[in-house]
Protein chains: 2
Amino acid sequence: MAQQPSQAHGPAFLFDLDGTLVDSVYQHVLAWRQALEDVGIELAVWRIHRRIGMSGGLLVNALLRETGQVVDAAVVARLQERHAAAYMELADQVRPLPGARELLETLTSNDVPWAIATSGRGDVARPVLETLGVPPSVPIVTRDEVRYAKPDPDLFLTAAARLGIDATNAVVVGDSVWDLLAAQRARAIGIGLLSGGYGRAELEVAGAYQVYEDTAELLRRIDEVGVRRAI
Amino acid sequence: MAQQPSQAHGPAFLFDLDGTLVDSVYQHVLAWRQALEDVGIELAVWRIHRRIGMSGGLLVNALLRETGQVVDAAVVARLQERHAAAYMELADQVRPLPGARELLETLTSNDVPWAIATSGRGDVARPVLETLGVPPSVPIVTRDEVRYAKPDPDLFLTAAARLGIDATNAVVVGDSVWDLLAAQRARAIGIGLLSGGYGRAELEVAGAYQVYEDTAELLRRIDEVGVRRAI
């Protein structure tokens, strides 16, 4: 692995997107609810919430198992299309989370490497990435680029590789237990954020080294996770 | 206090509505987000989620404090109107939660007294009450009927009085920490449900004697909370 100068100062950051950098979880939840109802499946909304952030295919399988229903691949594909369409209708409500832009700018200006790794598809993620003002040099790894999305470690391992670092030198920042499980499987340090609507204990049990409210609090306490700010 | 025959067999039940009997929390969350944005206030959605179930006036004050903004009474009233309007647009998506109708029917047919006590306004609650098939004899206490909604104990105390019981003989069933705080202040036993999207530990810390996934699980384990079913 290449040793970058910045690694002398501390870790690189691998960010989840939905619920971590942008406030989109609740819109995804209601979009999945709509998609499921469109194909005749009723499921309580909180169960959908707790699956957001995992691979879309895995999410559909997990939700269907809870309803005891068996559906064929065509229905799974239709569900994913309906979700994407329903989410796009709500996407203009989606905003960056407090502190997200400031945190990313601070990392960039302090030469701390960072990347984004999301279980979402590239076409769904792109509009919200624009609201964050991500520089073109930053690696963005989406679901389309790996075989398995979260909670498999592939997204974070690929993002680390694009930064030229080993995942063991990375801090994974995410709002869901799927991020934290994927972080453990990638042998990275996991940081949980409450901004996706999980409870603190859920994230701690899933292996979070620290849990912060949101990126704004993480930025204020960035020294706690090993970044020596030049500021 | 009048002693009803059923009290010999166990407690009466005082139910919260949103997130407990009907799957409406996420729609309320996005309706508040819309209302806040309509008056120029941006707030992360998870912070709204964690305030659902408390009195609407208290919720607005709490949310505004988090944003550091000061608004006058007219804006607070406008926020509540906008929330009600935005929620009504989503209300046709709202369904009873799994097991809710069956649990209520089982209590009724076993002569276990029960009531509903909600921080919501009567006009907002009425459409979802219809989906539950609540018998006309069941007391429904809404925000309009008490001075202070949750986490004050007034709603549960009023519901207990309408059943002719003391709240200390009641089990309060709710999905939020505000239900559980109000239950403690009413000296009732609190039962938490995950169906409103809180984490288990949040409800336990707030004083839940037991936490179940939803009313379906509560019905399967109803003997754990002191009901001796004739079935």
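Along each chain, numbering runs from 1 in the same order as the chain's sequence is written. Following the order in which they are written, the chains are lettered starting with A and the ligands numbered starting with 1. In keeping with the model being predicted, local features are shown solely for residues with a pLDDT of at least 70 and side-chain atom pairs are shown and tallied solely at 80 or more, while totals for entire chains, interfaces and linings include all residues. Note that water and hydrogens are dropped before the side-chain values are worked out from all heavy atoms of the structure.

Trainee: Before we move on, can you summarise the interface of chain A and chain B with the specific residues and values?
Mentor: Note on definitions: a residue-residue contact is assigned when non-hydrogen atoms from the two residues lie within 4.5 Å. Each partner contributes residues to the interface: chain A has 29 residues there, and chain B has 29 residues. Once two parts are brought into contact, the accessible area they lose, counted with a 1.4 Å probe and summed over both, makes up the buried area. Interface area for chain A against chain B, summed over the two sides, is near 2300 Å², with a carbon-plus-sulfur share of 53%. When the buried surface of chain A facing chain B is broken down by residue, Tyr26, Leu30 and Trp46 of chain A rank first, second and third, together holding 28% of it. In the sections that follow, a salt bridge refers to a side-chain nitrogen of Lys or Arg positioned within 4 Å of a carboxyl oxygen of Asp or Glu. Counting across the interface, chain A meets chain B through 8 salt bridges. Its salt-bridge partner being Asp214 of chain B, residue Arg47 of chain A comes within 3.4 Å of it at the nearest N-O pair. Comment: elements are numbered from the N terminus, with helices defined as DSSP H or I runs of at least four residues and strands as E runs of at least two. When residues of the side of chain A that touches chain B are assigned to their parent elements, the largest contribution, 7 residues, is made by helix H1 (residues 25–38) of chain A. Tallied by class, the residues present in the side of chain A that touches chain B amount to 12 nonpolar, 7 polar and 10 charged. Throughout, the ten residues Ala, Val, Leu, Ile, Met, Phe, Trp, Tyr, Cys and Pro are labelled nonpolar, Asp, Glu, Lys and Arg are labelled charged, and all others, Gly among them, are labelled polar.

Trainee: Just give me the short version of unusual backbone geometry, but keep the residues and values in it.
Mentor: For the peptide bond that leads from Lys150 of chain A to Pro151 of chain A, omega is 10°, which places it in the cis range. Along the polypeptide, Pro151 of chain A turns up in the loop between strand E3 (140–141) and helix H7 (154–163). The phi dihedral of Arg187 of chain A falls on the positive side, at around 60°, and the residue is not glycine. Summarising the element assignment, Arg187 of chain A is placed in the loop between helix H8 (177–185) and strand E5 (189–193). Burial here depends on accessible area, computed with a 1.4 Å probe over protein chains only, as a share of the maximum for the residue type. Under 20% is buried, over 50% is exposed, and the range in between is partly exposed. Note on Arg187 of chain A: relative accessible area 59%, which makes it exposed. Despite not being glycine, Asp111 of chain B shows a phi value in the positive range, around 60°. Asp111 of chain B gets classed as exposed once you look at its relative accessible area, which sits at 59%.

Trainee: Could you give an account of the confidence of the model for chain A, naming the residues involved and the relevant values?
Mentor: A residue's pLDDT is the confidence the predictor assigns to it, expressed on a 0 to 100 scale. The pLDDT averaged across chain A works out to 91; a share of 95% of its residues lies at or above 70. Across the interfaces of the predicted complex, the ipTM metric reaches 0.91, alongside a pTM of 0.92.

Trainee: Describe the packing of aromatic side chains, naming the residues involved and giving the relevant values.
Mentor: All names here are of chain A. Centre distance within 6.5 Å is the pairing criterion for rings of Phe, Tyr and Trp, where only the six-membered ring of Trp is used; planes under 30 degrees apart are then read as stacked, over 60 as edge-to-face, and the remainder as tilted. Per the counting criterion, the structure on display carries 5 aromatic pairs over all chains. Each ring, one from Phe13 and one from Phe15, has its centre 5.9 Å from the other, and the planes form 15°; the classification is stacked. Phe15 matches Phe13 in its accessibility class, with the two residues each being buried. A ring pair is formed by Phe15 and Trp114, whose centres lie 6.2 Å apart and whose planes are at 80°; its orientation type is edge-to-face. On the criterion of sequence distance, the pair formed by Phe15 in strand E1 (residues 12–15) and Trp114 in strand E2 (residues 114–117) is long-range, its members being 99 residues apart. This pair shows no difference in class: Phe15 is buried, exactly as Trp114 is.

Trainee: Describe the sheet that holds strand E3 (residues 140–141) of chain B, with residues and values.
Mentor: Residues and elements named next belong to chain B. Pairing between two strands is assigned when DSSP locates at least 2 bridges connecting them. The sheet built from 6 strands is open, its strands ordered E3-E2-E1-E4-E5-E6 with parallel pairing. Edge positions in the sheet fall to E3 and strand E6 (210–212), since each has one partner strand and no second. Pairing of strand E4 (residues 170–174) with strand E5 (residues 189–193), which is carried by 4 bridges, proceeds in the parallel orientation. Within E5, the position partnered with Val172 by the bridge is Gly190. Axis lines are fitted through C-alpha atoms, for helices just across the contact stretch, and the angle between N-to-C directions can take any value from 0 to 180 degrees. Lying over the sheet, helix H8 (residues 177–185) contacts E4 and E5, oriented at roughly 170° with respect to E5.

Trainee: Could you give me a rundown of the pairing of strand E4 (residues 170–174) of chain A, with the residues and numbers involved?
Mentor: All names here are of chain A. With 5 of its 5 residues buried, E4 lies for the most part within the structure. Burial along E4 is two-sided: the residues Ala170, Val172 and Gly174 and Val171 and Val173 are all buried. The pairing of E1 with E4 spans 4 bridges and is classified as parallel. By the bridge assignment for E4, Phe15 is matched with Val173.

Trainee: How would you explain the side chain of Thr118 of chain A if you had to name every residue and give the values?
Mentor: All names here are of chain A. Here Thr118 shows up in the loop between E2 and helix H6 (122–132). Polar side-chain contacts of Thr118 include one of 2.9 Å to the backbone nitrogen of Gly120. The residues contacting Thr118, other than those within four sequence positions of it, are Leu17, Asp18, Ala125, Val141, Thr142, Arg143, Lys150 and Leu155. Here a polar contact means two N or O atoms within 3.5 Å. Within protein one must be a hydrogen donor candidate and the other an acceptor candidate, and residues neighboring in sequence count only if both atoms are side-chain atoms.

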